[in-house]
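Single-letter residue listing:
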Amino acid sequence: MSDVRPGRLGRDFGWLWAAFAVSTAGTWLALDAFQLVAVLVLDAGPAQVSLLAAAGLAVGALIAVPLGPWVEFRRKRPVMIAADLVRCAALLSLPGAYVLGALTFTQLVLVSVVVAAADIVFRAASGAHLKDLVPRDGLLVANGRFESTQWTATAVGPPLGGLAIGVLGPLVTVVADALSYVLSAAALRAIRAPERPPAAPAGPAAPAISPTKAREIAEGWRYIWFHPELRALFLNTTLVNGLIMGTAPLLAVLLLGELGFAPWSYGLMFGLPCLGGLVGSRLARRLVPRYGERRVLLWSGVARAVWLPWLALTGPGVAGFATVALVELGLIFCCSVFNPVYATLRLKETAPDRITRVLAAWTVTGNAAKALLTLAAGALATVTGTREAIGAAGLLLLATPALLLGRGGTANSGTAEATGPAEPAGSTEPAGPAETAT
């Protein structure tokens, strides 16, 4: 790879960034599309909406478990393009069924499963591909650009999506999201840098790896668990993301169903606060050289845990709108500082021949945790009420910063440049194509 200055990451990175930007714009235009369709078209309640969100994550993660080691030994760009096209085809089946009057809850679940599995495959491949395209000292800049792009799309997409749904119907944003994956695939095809040959599987008699080899499937988790710093980040981010995302279906039911907010208002109350994400992602690049990666992660990790409980107090009208917008602003700002630093540190601390398996294991576990916590939140809401379930998740979130204090974890002060472990004998989902919003 040629030596590229951090501020100028090259033409091929520009195409990778474009692919991320267009697919992210489509994703946030279709904010909570499955939940919105379930509530507005199929009149689903809290338990069904939670089941929909959980099923896609859980079954998609199960399907993707053997794919992590398989992707490790394949060229990454073709895998990413195929994942884009699979997601497009699955999503386009929904408006087709809706026009024919045949859309069902079962189809929503099946599509969510396919999209979730393709997401995991894409993230696992894109993490390794990013590290191959960008020099080590450019990773924080690259991740910062992805984070800024994501929050820009998140600020603009939901309000536009809500308006489009109000004017053109509930499936229009699904079509836009599907088309965004076609444009993403086209941008990936425009990358001209030859890929580094994929790692060869261990063993002289094994030219290709079997997706069912237990040792290879478990390698990502083993690597994370025996690396103290990765383990601390893994436990923290898995639980934080699971608690935050587990309450998303309940918020959709509370705001759109119980409190009667219009779709455009729903999109706006989540879109406007994302301007804080732009500020936070830019601030992260200034904080790290001054305070070090680990201190910034600890401070922002503590700060992002205090916001969720306040959503349980949301009421109707202008006051309720303001409550959600202010809470989301604080949460998003803290997450946007945390995310690019955490994604960069994770890439630096992972050996090159373990990146794909580590990212696949990380994403599979994260999705499984989101599924479990979403089901638990839905069940609790059925028994106690929607607000009470959101409040309980918020209280649990207050305890998550303790996980960052694990041995060798982010509580230790350190330089902005992590040294990384020695590679064993024998590679967070970084921000951008492989990192989702917290």
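From a predicted model like this one, the values you see are computed outputs, not experimental measurements.

## Brief notes about the overall build of the protein chain
Of the regular secondary structure elements, the protein chain holds 17 helices and 0 strands. For the protein chain, the residues scored as buried account for 59% of the 438 residues in total. Of the roughly 17,000 Å² of accessible surface on the protein chain, 69% is carried by carbon and sulfur atoms.

## So, the nonpolar core
The nonpolar side chains of soluble globular proteins are, as a tendency, buried together. Grouped together as the largest cluster of nonpolar side chains are 29 residues, with contacts concentrated most on L255, Y266, F270, L311 and L397. For this core, the secondary-structure elements that each account for two or more residues are α10 (228–246), α11 (248–258), α12 (263–271), α15 (317–349), α16 (355–384) and α17 (386–397). Per-element tally for this core: the top contributor is α11, with 6 residues. Within the second largest apolar cluster, 28 residues are counted, among which are V79, L130, V141 and L347.

## Topic: the environment of Y342
Note that Y342 resides in helix α15. Separated by 105 residues in sequence, Y342 and T237 place their C-alpha atoms 9.3 Å apart. Side-chain polar atoms of Y342 contact the side chain of R346, separated by 2.9 Å.

## Here we look at the packing of aromatic side chains
For the structure on display, the rule yields 5 aromatic pairs. Ring geometry for Y291 and W299: centres 5.1 Å apart, planes at 65 degrees, overall edge-to-face. The exposure class of Y291 is partly exposed, given its relative accessible area of 28%. Above the plane of the ring of F122 lies R87, whose end atom (NZ or CZ) is 4.7 Å from the centre. For the cation-ring pair, R304 lies above F338, with the distance from its terminal atom to the ring centre recorded as 3.8 Å.

## Some points on the side chain of S180
Summarising the element assignment, S180 is placed in helix α8 (residues 172–189). Relative accessible area serves as the criterion here: at 4%, S180 is assigned to the buried category. For S180, the residues in contact, after removing those within four places along its chain, are V22, S23 and G26.

## Observations concerning the pattern of salt bridges
Close approach of charged atoms allows side chains of opposite charge to pair. A complete count under the given rule lists 7 salt bridges for this structure. Of the charged contacts in the structure, one is a salt bridge between R87 and D84, with a shortest N-O distance of 2.7 Å. Highlighted residues: R87 and D84, both in helix α5 (residues 76–99), separated by 3 residues, approximately one helical turn. Of the two residues examined, R87 and D84, each falls in the buried class. Between E293 and K348 there is a salt bridge, and its shortest N-O distance comes to 3.3 Å. Placement of the pair is E293 in helix α14 (residues 293–303) and K348 in helix α15, with a sequence separation of 55 residues. A relative accessible area of 8% means that K348 is categorised as buried. Members of the salt-bridge network, linked through shared partners, are E219, R222 and R354.

## Digging into the packing of α11 against α12
Closest axis-to-axis distance for the α11/α12 pair is 10 Å, and the angle between their directions is 130 degrees. Between α11 and α12, the interaxial angle falls into the category oblique. Taken as a pair, α11 and α12 cross one another with a handedness that is right-handed. Contacts from L251, A252, L255 and L256 of α11 reach α12 at P263, Y266, M269 and F270. Each residue belonging to the contact of α11 with α12 can be placed in one class, and the counts come to 8 nonpolar, no polar and no charged.

## Concerning the environment of D353
With respect to the helices, strands and loops of the structure, D353 is situated in the loop between α15 and α16. Sequence separation of D353 and F73 is 280 residues, and the distance between their C-alpha atoms is 9.6 Å.

## Re the environment of I120
Checked against the element boundaries, I120 lands in helix α6 (residues 105–133). Assessed through its relative accessible area of 1%, I120 is described here as buried. Considering only alpha carbons, one finds I120 and T363, 243 residues apart in sequence, at a separation of 6.2 Å.

## Topic: the packing of helix α13 (residues 275–291) against α14
Interaxial distance between α13 and α14 falls to 7 Å at its minimum, and their mutual angle equals 125 degrees. With respect to their mutual orientation, α13 and α14 come out oblique. Judged by residue contacts, L287, V288 and Y291 of α13 engage E293, R295, V296 and W299 from α14. Taken together, the residues of the contact of α13 with α14 sort by class into 5 nonpolar, no polar and 2 charged.

## Some words on the state of the cysteines
Under the defined criterion, the tally for this structure stands at 0 disulfides. The thiol sulfur of C334 is not disulfide-bonded, and the nearest other cysteine sulfur, from C335, lies at 6.9 Å. Classification of C334 by relative accessible area gives buried; the value is 8%.

## Points about the confidence of the model for the protein chain
Residues at a pLDDT of 70 or more form 82% of the protein chain, whose mean pLDDT is 77. By mean pLDDT, helix α4 (residues 67–72) is the weakest element of the protein chain at 66, and α17 is the strongest at 92. A low-confidence stretch, residues 1–7 (pLDDT under 50), is modelled with 14 contacts involving residues beyond four sequence positions or located in other chains. In the model, residues 202–214 has pLDDT below 50 throughout and makes 13 contacts with residues more than four positions away in sequence or in other chains.

Conventions and cut-offs
- Residues numbered from 1 in each chain as written.
- Predicted model: local features only at pLDDT ≥ 70, side-chain atom pairs only at ≥ 80, totals over all residues.
- Heavy atoms only, no water.
- Helix = DSSP H or I, 4+ residues; strand = E, 2+ residues; numbered from the N terminus.
- Buried < 20%, exposed > 50% of the residue type's maximum accessible area, 1.4 Å probe, protein only.
- Areas by Shrake-Rupley, 256 points an atom, 1.4 Å probe, with all protein chains shown as cover.
- Core = buried A, V, L, I, M, F, W, Y, C linked by side-chain atoms within 4.5 Å.
- Polar contact = N/O pair within 3.5 Å; in protein donor to acceptor, adjacent residues only side chain to side chain.
- Phe/Tyr/Trp six-rings, centres within 6.5 Å; stacked < 30°, edge-to-face > 60°.
- Lys NZ or Arg CZ within 6 Å of the ring centre and 35° of its normal.
- Contact = heavy atoms within 4.5 Å.
- Salt bridge = Lys/Arg side-chain N within 4 Å of Asp/Glu carboxyl O.
- Axes fitted to C-alpha atoms, helices over the stretch in contact; angles between N-to-C directions.
- Parallel < 35°, antiparallel > 145°, perpendicular 65-115°, else oblique.
- Left-handed = near helix turned anticlockwise from the far one by under 90°.
- Nonpolar A, V, L, I, M, F, W, Y, C, P; charged D, E, K, R; others polar.
- Disulfide = S-S within 2.5 Å.
- pLDDT = per-residue confidence, 0-100.

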